[in-house]
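The chain contents come next:
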2 protein chains.
Amino acid sequence: MEIKKDHINFSVGPVRIPADIARLGAEPVPYFRTTDFSQLMLESESLLKKMMGAPENARAVFLTGSGTAAMDAAVNGLFTKSDKLLIVCGGSFGHRFCEISEAYGIPYDAIELENGQPLTAAHLKSYEAGGYTGFLVNMHETSTGVLYDMDLIGDFCRRNHLILVVDAISAFLADPLNMEELGADIVLTGSQKALAVPPGVSMMVLSSRAVERVFDHQPACYYLSLKAALKNGERGQTPFTPAVGILIQINARLNQINAVGVEAERERIRCIATDFRTRIQNYPLRMFSQAPSNAVTSLTPVSSEVSAFHIFEVLKEEYNIIVCPNGGDLAEKVFRVGHLGNLTIADNDALFAALDDLLRRGILHG
Amino acid sequence: MEIKKDHINFSVGPVRIPADIARLGAEPVPYFRTTDFSQLMLESESLLKKMMGAPENARAVFLTGSGTAAMDAAVNGLFTKSDKLLIVCGGSFGHRFCEISEAYGIPYDAIELENGQPLTAAHLKSYEAGGYTGFLVNMHETSTGVLYDMDLIGDFCRRNHLILVVDAISAFLADPLNMEELGADIVLTGSQKALAVPPGVSMMVLSSRAVERVFDHQPACYYLSLKAALKNGERGQTPFTPAVGILIQINARLNQINAVGVEAERERIRCIATDFRTRIQNYPLRMFSQAPSNAVTSLTPVSSEVSAFHIFEVLKEEYNIIVCPNGGDLAEKVFRVGHLGNLTIADNDALFAALDDLLRRGILHG
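For clarity, every value in this text was computed on a predicted model and none was experimentally measured. (Residues numbered from 1 in each chain as written. Chains lettered and ligands numbered in written order. Predicted model: local features only at pLDDT ≥ 70, side-chain atom pairs only at ≥ 80, totals over all residues. Heavy atoms only, no water.)

Colleague: I would appreciate a short explanation of unusual backbone geometry in the present structure.
Modeller: Put simply, A:Gly13 and A:Pro14 share a cis peptide bond, and its omega is 0°. Checked against the element boundaries, A:Pro14 lands in the loop between β1 (8-9) and α1 (19-24). The residue A:Leu173 is not glycine, and still its phi comes out positive at about 75°. Along the chain, the position of A:Leu173 falls in the loop between β8 (163-167) and α7 (179-182). Despite not being glycine, B:Asn320 has its phi angle at roughly 60°, a positive value. Tracing the sequence through the fold places B:Asn320 in the loop between α12 (308-319) and β13 (321-322). Overall, B:Asn320 belongs to the partly exposed group, its relative accessible area being 23%. (Helix = DSSP H or I, 4+ residues; strand = E, 2+ residues; numbered from the N terminus. Buried < 20%, exposed > 50% of the residue type's maximum accessible area, 1.4 Å probe, protein only.)

Take a look at the structure:
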């Protein structure tokens, strides 16, 4: 079946792939149990650690799977029924951390936030010295566009001696992140967000403390074993046949970003986001999150008569533009405009031209 | 890092991708929470079921992960500590089924076979009426090249009312397989074998009995939940962001095979394998398995002085040809020549020209 692929893609992932990285996707996929491929993987590990500001003796692993595979592997690889976790639950990805912990019978408390609400010191206060061993947070709650105050969280975890797991799947490269300064033990990301490579691989950097914990535990899931991943990774290999093609694209992209520097790539994304946010103020669409990540802007129509999902549909069908719809309770209320991937100000121009037309047609007003 | 990709690829996967399918790998990866992508996935489900000879009311699911992800999902999704499994263990993939069952505390007995040895009625005899609930087998034990007698296994399972899980990761499209006639409940395969698409997706067809069992059980792994996969699959979706690009290539390839028919594709692979096996008889290399799959020919040097791994290395470094080395105990003793993917008789010619040269150089004789 043919499927349309030429939309301007403002989704939150998979995002638009840079042309030279996309071209690699058509090349032969080589046999991987070779020293050449091991060298490539060891280089990727080293580059990823550098870009995340990893502490000394940190390790990185690459899993063949969705971002959720990395969330699952981190939770079931580091924690057991004897732990007690604190989870920031401000949207569907925070909720996913809760579901994963529940699936493995790991006790947890959830800090429930309203959709779009930031986390504050007041929220954390009652959890001080609460007997927790780990803290799980989606640095950027991608479902609502909220970027959490990571300094606040880092301080809380240091003070309470908690293992800190940071899902930076959509925040990596979009927002400032230094694993060592933050005191994070695991930071996760995925191939299809700011790395702008096809989806299929998720990855993480682990502090030496996290690595030790992994080797002290029996993982609850065989396939997602971080122990096996770390062990095979010592020689640049994976326990099972990985998504070799995507790993080669990840390596090329890490080298590409390394050549300009992480700061330059982050600044590029920030500029696209800032351009969009400055211009969107003139439209009857309100920013849903007051603490947004540079990865995405979540928007809600000012008029309650206007359906956010309808805007997504009209942009897709009539303007060849993909924005990101929300699911569940937020489906009619919120849509998101992503700023990751190989987007330019000219793409923003095209989106605003479409929004101007929607205005003229009375679709943005109730 | 640049990595060499232009070898003639006789590995067992990733294999050589047909040119038109490879080209799709460079195209934009579309946003997937759309009705277009759902339609594509529902078409893939229907084509895969047809090609496996699925019984009525069967379902198919696609997982983002290695083939091992599908093995793991099948075991932990269908069985619990109250089951008792019988596992054919004739090589490293049989051993993997044992490890997976062990990881989830599912009781099992392993039928231990020597490397390269076929399974016979005599092996099964002592397990009749043994209180088993499930039977796990790698139809083709890819590590040694043995194709098991599936009629024998199907009859045993029917007689003993066992849930039959068939890992056909490398046998699918290479060897005759009809799920309904066999009475199999789950048949697994992967993207990078005969489907000849990049690695990163594994898939399976489930009988209605297997689907019922999945919904009756709580899966042991959150990410690999077949329950979530089946539920989301009803509308052509996946619970988490899948490897969208690879799924589009799988759909194109399923359509390509469907256009010529499964039998024609199987015959094409059989011809490549038969051509190779006829010609290899004149070389000092013995077939390691007397019951080979058409997917691969495993070979062992007649002279015990010759290292199989050395042959792999010389072919790779000096002739630009990749064959598949073995690991562990068999590393020095066995190498494999795959027949899957977009290979031709001309590729066999190139391999034999190289083997002729190795003969001349005295590398194949001890």
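Moving on, there is more to tell.
Colleague: Would you mind going over the environment of B:Asp216 with me for this structure?
Modeller: All names here are of chain B. The residue Asp216 is located in helix α8 (residues 208-216) in this model. Taking the relative accessible area as the measure of exposure, Asp216 reaches 65% and is therefore exposed. For Asp216 and Arg16, which are 200 residues apart along the polypeptide, the C-alpha to C-alpha distance reads 40 Å.

Colleague: I would appreciate a short explanation of the relation of the copies chain A and chain B in the present structure.
Modeller: A rotation about some axis, followed by a shift along it, carries one copy of the chain onto the other. Overlaying chain A on chain B yields an RMSD of 0.0 Å, the required transformation being a rotation through 180° with an accompanying axial translation of 0.0 Å. Both copies are brought into coincidence by an operation consistent with a two-fold rotation axis. Residue by residue, 100% of the interface of chain A is reproduced at the interface of chain B, so both copies engage with the same surface. (Least-squares fit on C-alpha atoms with pLDDT ≥ 70 in both. Contact = heavy atoms within 4.5 Å.)

Colleague: Whenever I open this one, the pattern of salt bridges confuses me. Can you help?
Modeller: It is possible for side chains bearing opposite charge to pair when their charged atoms get close. Inspection of the entire model under this criterion finds 34 salt bridges over all chains. Put simply, A:Glu265 and A:Arg268 hold a salt bridge, and the shortest N to O gap is 2.9 Å. Placement of both A:Glu265 and A:Arg268 in helix α11 (residues 262-280) is noted, with a separation of 3 residues, approximately one turn of the helix. A:Glu265 sits in the buried class, given a relative accessible area of 6%. Residue A:Arg268 is classed as partly exposed on the basis of its relative accessible area, which comes to 28%. Linking B:Glu265 and B:Arg253 is a salt bridge whose minimum nitrogen-to-oxygen distance equals 3.1 Å. Residue B:Glu265 is found in helix α11 (residues 262-280), and its partner B:Arg253 is found in helix α10 (residues 244-260); the two are separated by 12 residues along the sequence. Overlapping salt bridges, with partners in common, bring together A:Asp36, B:Lys316 and B:Glu317 in one network. (Salt bridge = Lys/Arg side-chain N within 4 Å of Asp/Glu carboxyl O.)

Colleague: Looking at this model, I keep getting lost on the sheet that holds strand β2 (residues 59-64) of chain A. Mind explaining?
Modeller: By way of backbone hydrogen bonds, the strands of a sheet pair with one another, either parallel or antiparallel. Residue and element names in this part refer to chain A. Taken in spatial order, the 7 strands of this open sheet run β2-β10-β9-β8-β5-β3-β4, and their pairing is mixed. Each edge of the open sheet is held by one strand with a lone partner, namely β2 and β4 (108-112). Shown here is a sheet whose adjacent strand axes are inclined to one another by a mean of 20°, direction ignored. Across 3 bridges, the pairing between β8 and strand β9 (residues 186-190) is parallel. Bridge assignment links Val166 to a residue of β9, and that residue is Val187. Against the sheet, helix α4 (residues 92-103) contacts β3 (85-89), β4, β5 (134-138), β8 and β9, and its axis sits at roughly 150° relative to β3. Against the sheet, helix α8 (residues 208-216) contacts β2, β8, β9 and β10 (201-206), and its axis sits at roughly 110° relative to β10. (Pairing = 2+ DSSP bridges. Axes fitted to C-alpha atoms, helices over the stretch in contact; angles between N-to-C directions.)

Colleague: Please clarify how the interface of chain A and chain B should be interpreted in this entry.
Modeller: A common measure of how large an interface is: the accessible area buried when the components associate. Listed per partner, the contact involves 61 residues of chain A and 61 residues of chain B. The junction of chain A with chain B conceals about 4,900 Å² of combined surface from both sides, 65% of it contributed by carbon and sulfur atoms. Taken together, the links from chain A to chain B amount to 4 salt bridges. Note that B:Asp36 is salt-bridged to A:Lys316, the shortest N-O span being 3.9 Å. On inspection of chain A and its partner chain B, the count reaches 16 residue pairs in polar contact (both at pLDDT 80 or more). Looking at the side of chain A that touches chain B, the elements with two or more residues in it are α1, α2 (35-52), α3 (67-78), α4, α10 (244-260), α12 (308-319) and β14 (324-325) of chain A. Its residues assigned to classes, the side of chain A that touches chain B comprises 36 nonpolar, 15 polar and 10 charged. (Buried area = accessible area lost by both parts, 1.4 Å probe. Polar contact = N/O pair within 3.5 Å; in protein donor to acceptor, adjacent residues only side chain to side chain. Nonpolar A, V, L, I, M, F, W, Y, C, P; charged D, E, K, R; others polar.)

Colleague: Can you help me understand α12(B) in this one?
Modeller: Since there are 3.6 residues in each turn of an α-helix, residues three or four apart along the chain are aligned in direction. All names here are of chain B. Its 12 residues place the ends of α12 16 Å apart at the C-alpha level, agreeing with the 16 Å of an ideal helix rising 1.5 Å per residue. Within α12, burial applies to Ala308, Ile311, Phe312, Val314, Leu315, Lys316 and Tyr319. Positioned one or two residues after α12, Asn320 has a phi angle of 60°, which is positive. (Expected span 1.5 Å × (residues − 1).)

Colleague: Honestly, α10(A) in this entry has me stumped. Any pointers?
Modeller: With 17 residues, α10(A) should cover 24 Å at 1.5 Å per step; its first-to-last C-alpha distance of 25 Å lies within 8% of that length. Those residues of α10(A) that fall on the buried side of the exposure criterion are A:Val244, A:Gly245, A:Ile246, A:Leu247, A:Ile248, A:Gln249, A:Ile250, A:Asn251, A:Arg253, A:Leu254 and A:Ile257. At its buried positions, α10(A) is contacted by α1, α2, β2, β10 and α11 of chain A together with α10 of chain B. Positioned one or two residues after α10(A), A:Gly261 has a phi angle of 100°, which is positive.

Colleague: Where do I start with the packing of aromatic side chains in this structure?
Modeller: The relation between two aromatic rings is expressed through the spacing of the ring centres and the mutual angle of the planes. Tallied over the full model, the rule gives 20 aromatic pairs over all chains. Ring plane angle 20° and centroid distance 5.6 Å describe the contact between B:Tyr223 and B:Phe240, whose orientation is recorded as stacked. Note that B:Tyr223 is positioned in the loop between α8 and α9 (226-233) and B:Phe240 in the loop between α9 and α10, a separation of 17 residues in sequence. Each of the two residues, B:Tyr223 as well as B:Phe240, counts as buried. By way of ring pairs, the aromatic residues A:Tyr31, A:Phe32, A:Phe37, B:Phe309 and B:Phe312 are connected into one cluster. The ring of A:Tyr132 has A:Lys84 lying over it, and the distance from NZ or CZ to the ring centre is 4.5 Å. (Phe/Tyr/Trp six-rings, centres within 6.5 Å; stacked < 30°, edge-to-face > 60°. Lys NZ or Arg CZ within 6 Å of the ring centre and 35° of its normal.)

Colleague: I keep staring at the side chain of B:Thr34 and nothing clicks. Help me out?
Modeller: Note on placement: B:Thr34 falls in the loop between α1 (19-24) and α2 (35-52). A distance of 3.2 Å separates a polar atom in the side chain of B:Thr34 from the backbone nitrogen of B:Phe37. Once you skip the residues sitting within four places of it in the chain, B:Thr34 turns out to touch A:Lys316 and B:Gln237.

Colleague: Would you mind showing me how to read the sheet that holds strand β10 (residues 201-206) of chain B here?
Modeller: All names here are of chain B. An order of β2-β10-β9-β8-β5-β3-β4 is seen for the 7 strands of this open sheet, with the pairing classed as mixed. Only two strands of the sheet have a single neighbouring strand rather than two, namely β2 (59-64) and β4 (108-112). On average, adjacent strands in this sheet sit at an angle of 15° to one another, irrespective of strand direction. Where strand β9 (residues 186-190) lies against β10, 5 bridges are found, and the strand directions are antiparallel. By the bridge assignment for β10, Ile186 is matched with Leu206. Against the sheet, α2 engages β2, β9 and β10, with an angle of about 115° to β2. Running at roughly 115° to β2, α9 makes contact with β2 and β10 of the sheet.

Colleague: Hey, could you run me through the environment of A:Lys49 in this one?
Modeller: Residues and elements named next belong to chain A. The topology assignment puts Lys49 in helix α2. We classify Lys49 as partly exposed; its relative accessible area is 23%. In this structure the C-alpha to C-alpha distance between Lys49 and Val187, which are 138 residues apart in sequence, comes to 9.9 Å. A polar side-chain atom of Lys49 sits 3.0 Å from the main-chain carbonyl oxygen of Ala58.

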